Amino acid sequence: NEYKSYLSHQMSNVTTTFVTTSWEPTTMTTTDKIMNPILAVISFLCFGFGSIGNITTLAYFLFKAPPSANRYIFVLIATTDLAISVLCLFIGIHRLTLRDLAYSNTFFCAASGMTFSVTSRYSVFLIALLSVSRCYSLIRPVHPLTAPALLAPALTYLMLLIFQAALPFWIGHGYIFYREFSVCNFSLYDFATPGEPLFLVLYFIMIILQYMLPIFPVVIGCAVILNRLHGGVKPTKAKKSAAVTVLILSMVYVLYNLPLFIIYTIDFAGFVRNPEHVFVVTRNKAIYYLFIITTSYFVPMNSATNVVIYIVRLRALRRFMAGKLCGLIHLVRPSVFNNANKPSQTAEI
């Protein structure tokens, strides 16, 4: 099929920083013509709601949230989700117009590719770290983790991801624009060829471990939280509410990332068995769109969903958002506006 040969070319290109193969509307199938506007709308919704929501939640966690070690992790999550949401604007424009536009600029392709590569991996790590932190506070409520204990691994891992994202430039390559995925990314073929042990090692480290390994501490964390909430010493109301919030965030993360885990595991097993293995996404249109949705859309959809969870679970955040909205449209007096922005003294995050 035409799209199979196109993807094979995209996946195997290791010589240029920008793929010049055209993807014209006349070569698209009926499914493509139906799906592209739908995916564009999803991208714009994730951009609009995710950007506004994460800017507001970031302001809340920075200036109004009650002090706690987890507060800093929420700040990092909101910042990461905001960056992912902004990238959705360009994904949506490409899906709608089928033109490269900003991606035709090599610098923008590299910058957006590095940003997506770092943030998509970093977001799952932060959820796992938050889950571990909340479990620890339930197990040892008298001695919870401190902010330095949480920020040290968070910032160290961020530096490692940035270093990894810059590796293609170190070996004389760059980021490739994959038109059918509407994103720029680097190719593992830049580092090794399938069949070489190095290729399997890099695939396992850069994809399996970084995207999928956080699922296990998250699942274990969910089990511990549920056990603590329904047995043994009952936590305080504030700790119980915070634990439920983290539990919901963790379960949503697992639901969004489980299909990607399955696809990458099948691909990795295929490369282990056969060096000539073709990426699973090239086999049929259904798997292809499942892969696109899980890689390019489930990550920003997860970022937007996190905002909804914050709004539903954090009363102080709702008051903060209501105060900002009322102040913006001048519907209440300044005294009411100030009262709406007072932080909750009993809340815990």
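Residues numbered from 1 in each chain as written. Predicted model: local features only at pLDDT ≥ 70, side-chain atom pairs only at ≥ 80, totals over all residues. Heavy atoms only, no water.

Draft legend 1. Spatial organisation of the overall build of the chain. Check the secondary structure of the chain and you find 12 helices and two strands. For the chain, the N- to C-terminal ordering of α and β elements is α-α-α-α-α-α-β-β-α-α-α-α-α-α. Looking at the chain as a whole, 50% of its 349 residues are labelled buried. Put simply, 76% of the contacts in the chain that link residues at least 6 apart link residues at least 24 apart. Surface accessibility of the chain: about 16200 Å² in total, with carbon and sulfur atoms responsible for 71%. (Helix = DSSP H or I, 4+ residues; strand = E, 2+ residues; numbered from the N terminus. Buried < 20%, exposed > 50% of the residue type's maximum accessible area, 1.4 Å probe, protein only. Contact = heavy atoms within 4.5 Å. Areas by Shrake-Rupley, 256 points an atom, 1.4 Å probe, with all protein chains shown as cover.)

Draft legend 2. Quick look at the nonpolar core. One finds Tyr122, Tyr203 and Tyr264 to be the most contacted residues of the largest nonpolar core, which totals 85 residues. Ignoring sequence-local partners within four residues, the contact set of Tyr122 consists of Leu76, Thr80, Ala154, Leu155, Tyr157, Leu158 and Leu161. (Core = buried A, V, L, I, M, F, W, Y, C linked by side-chain atoms within 4.5 Å.)

Draft legend 3. The arrangement of the packing of aromatic side chains in detail. Tallied over the entire structure, the rule returns 24 aromatic pairs. Centroid distance Tyr103 to Phe108: 5.6 Å. Interplanar angle 65°. Geometry classified as edge-to-face. There is no split in this pair, since Tyr103 and Phe108 are both buried. One aromatic cluster is present, built from ring pairs that chain together Tyr189, Phe199, Tyr203, Phe204, Tyr211, Tyr264 and Phe268. (Phe/Tyr/Trp six-rings, centres within 6.5 Å; stacked < 30°, edge-to-face > 60°.)

Draft legend 4. Region of interest: helix H7 (residues 197–212). A bend of about 30° at Phe204 is the largest found in H7. If you check which residues of H7 are buried, you get Phe199, Leu202, Tyr203, Met206, Ile207, Ile208, Gln210, Tyr211 and Met212. On the buried face of H7, the contacting elements are helix H4 (106–139), helix H5 (147–165), helix H6 (167–170), helix H8 (215–230) and helix H9 (237–273). (Bend = angle between axes of the 7 residues up to and from the residue.)

Draft legend 5. A look at the state of the cysteines. Tallied over the entire structure, the rule returns one disulfide. With no disulfide of its own, Cys46 lies 4.9 Å from the sulfur of Cys88, the closest cysteine sulfur. A relative accessible area of 5% means that Cys46 is categorised as buried. Given a relative accessible area of 2%, Cys88 falls into the buried group. (Disulfide = S-S within 2.5 Å.)

Draft legend 6. Focus on the packing of H4 against H5. Look at H4 against H5: their axes get within 10 Å of each other, and the N-to-C directions meet at 160°. Our classification of the angle between H4 and H5 gives roughly antiparallel. At the point where H4 passes H5, the crossing takes the right-handed sense. Together, Met114, Ser117, Val118, Arg121, Tyr122, Phe125, Leu126, Leu129 and Ser133 of H4 and Leu150, Pro153, Ala154, Leu155, Tyr157, Leu158, Leu161, Ile162, Gln164 and Ala165 of H5 make up the contact between the two elements. The residue makeup of the contact of H4 with H5, split by class, is 15 nonpolar, three polar and one charged. (Axes fitted to C-alpha atoms, helices over the stretch in contact; angles between N-to-C directions. Parallel < 35°, antiparallel > 145°, perpendicular 65-115°, else oblique. Left-handed = near helix turned anticlockwise from the far one by under 90°. Nonpolar A, V, L, I, M, F, W, Y, C, P; charged D, E, K, R; others polar.)

Draft legend 7. Region of the structure containing the packing of H8 against H9. With their axes 9 Å apart at the nearest point, H8 and H9 run at an angle of 145° to one another. Judged by the twist between their axes, the crossing of H8 over H9 is left-handed. Seen from H8, the contacting residues are Ile215, Val218, Val219, Cys222, Ile225, Leu226 and Leu229; seen from H9, they are Lys240, Ala243, Val244, Val246, Leu247, Ser250, Met251, Tyr253, Val254 and Phe261. Within the contact of H8 with H9, the residues separate by chemical class into 15 nonpolar, one polar and one charged.

Draft legend 8. Representation of the side chain of Ser51 in the model. Note on placement: Ser51 falls in helix H2 (residues 30–63). Non-local contacts of Ser51, meaning those with residues more than four positions away in its chain, are made with Cys46, Leu82, Ser85 and Val86.

Draft legend 9. Expanded view of the environment of Ser133. As for its placement among the helices and strands, Ser133 is situated in helix H4. Relative accessible area serves as the criterion here: at 6%, Ser133 is assigned to the buried category. Counting along the chain gives 12 residues from Ser133 to Leu145, while the straight-line C-alpha distance between them is 6.6 Å. Sequence-distant contacts of Ser133, that is, excluding residues within four places in its chain, are made with Asn70, Leu145 and Leu150.

Draft legend 10. Expanded view of a nonpolar patch on the surface. Together, Phe163, Phe169, Trp170 and Ile171 line one region of the surface with nonpolar side chains, adding up to about 450 Å² of accessible area. On the secondary structure map, Trp170 appears in helix H6. (Patch = residues over 30% accessible without salt bridge, like charges linked within 9 Å, V, L, I, M, F, W, Y side chains within 5 Å. Salt bridge = Lys/Arg side-chain N within 4 Å of Asp/Glu carboxyl O.)

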